[in-house]
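Given next are the chains, with one letter for each unit.
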Amino acid sequence: MASPIFGESILVSVFTRQKALFQGEAYGLTSRNEKGVFDILPRHANFITLIKQFLTIYTKEEGKKEYPLDNGVLEVDRNRVWVYIGVGSSK
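### Re the overall build of the protein chain
Each helix and strand in the protein chain was counted, giving zero helices and seven strands. Start at the N end of the protein chain and walk to the C end: the helices and strands fall as β-β-β-β-β-β-β. Looking at the 91 residues of the protein chain, the share that counts as buried comes to 38%. Only carbon and sulfur atoms are counted for the fraction: they give 50% of the accessible area of the protein chain, which is about 5,600 Å².

### What about the confidence of the model for the protein chain?
Mean pLDDT for the protein chain: 91, with 88% of residues reaching 70 or above. Mean pLDDT values for the elements of the protein chain range from 96 in strand β6 (residues 63-77) up to 98 in strand β7 (residues 80-85).

### Observations concerning the pattern of salt bridges
Applying the stated rule across the entire model yields three salt bridges. Between D77 and R78 there is a salt bridge, with the nearest N and O atoms lying 3.1 Å from each other. By relative accessible area, which is 68% here, R78 ends up exposed.

### Points about unusual backbone geometry
One non-glycine residue, Q53, lies in positive phi territory at about 75°. Along the polypeptide, Q53 turns up in strand β5 (residues 47-59). With a phi close to 70°, N79 is a non-glycine residue in the positive phi region. Mapped onto the elements, N79 comes out in the loop between β6 and β7.

### A look at the packing of aromatic side chains
Inspection of every chain in the model, using the stated rule, returns three aromatic pairs. With 6.2 Å between their ring centres and 35° between their planes, Y27 and Y58 make a pair best called tilted. Of this pair, Y27 sits in the loop between β2 (20-26) and β3 (28-33) while Y58 sits in strand β5, placing them 31 residues apart in sequence.

Procedures and definitions
- Residues numbered from 1 in each chain as written.
- Predicted model: local features only at pLDDT ≥ 70, side-chain atom pairs only at ≥ 80, totals over all residues.
- Heavy atoms only, no water.
- Helix = DSSP H or I, 4+ residues; strand = E, 2+ residues; numbered from the N terminus.
- Buried < 20%, exposed > 50% of the residue type's maximum accessible area, 1.4 Å probe, protein only.
- Areas by Shrake-Rupley, 256 points an atom, 1.4 Å probe, with all protein chains shown as cover.
- pLDDT = per-residue confidence, 0-100.
- Salt bridge = Lys/Arg side-chain N within 4 Å of Asp/Glu carboxyl O.
- Phe/Tyr/Trp six-rings, centres within 6.5 Å; stacked < 30°, edge-to-face > 60°.

Right, here's the structure in full:
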């Protein structure tokens, strides 16, 4: 992952249909879409994509948190990230 912007963070919320998996501040995250692996850092441009395989969140408190997944939707809007895991899945 690229170096975060020093001292800045983004707000991240990760949900499944059943519950919230993560809600808090992070200094970055990494996932994969159809184009390949990508990073989201503070001040990222507004962005929406389908994701697959994994989501990794980097926090000061908990370090690296990894979530394996089949599919999901990731949206970045004004320094906030929402991730919905299992969207469109029958599981």
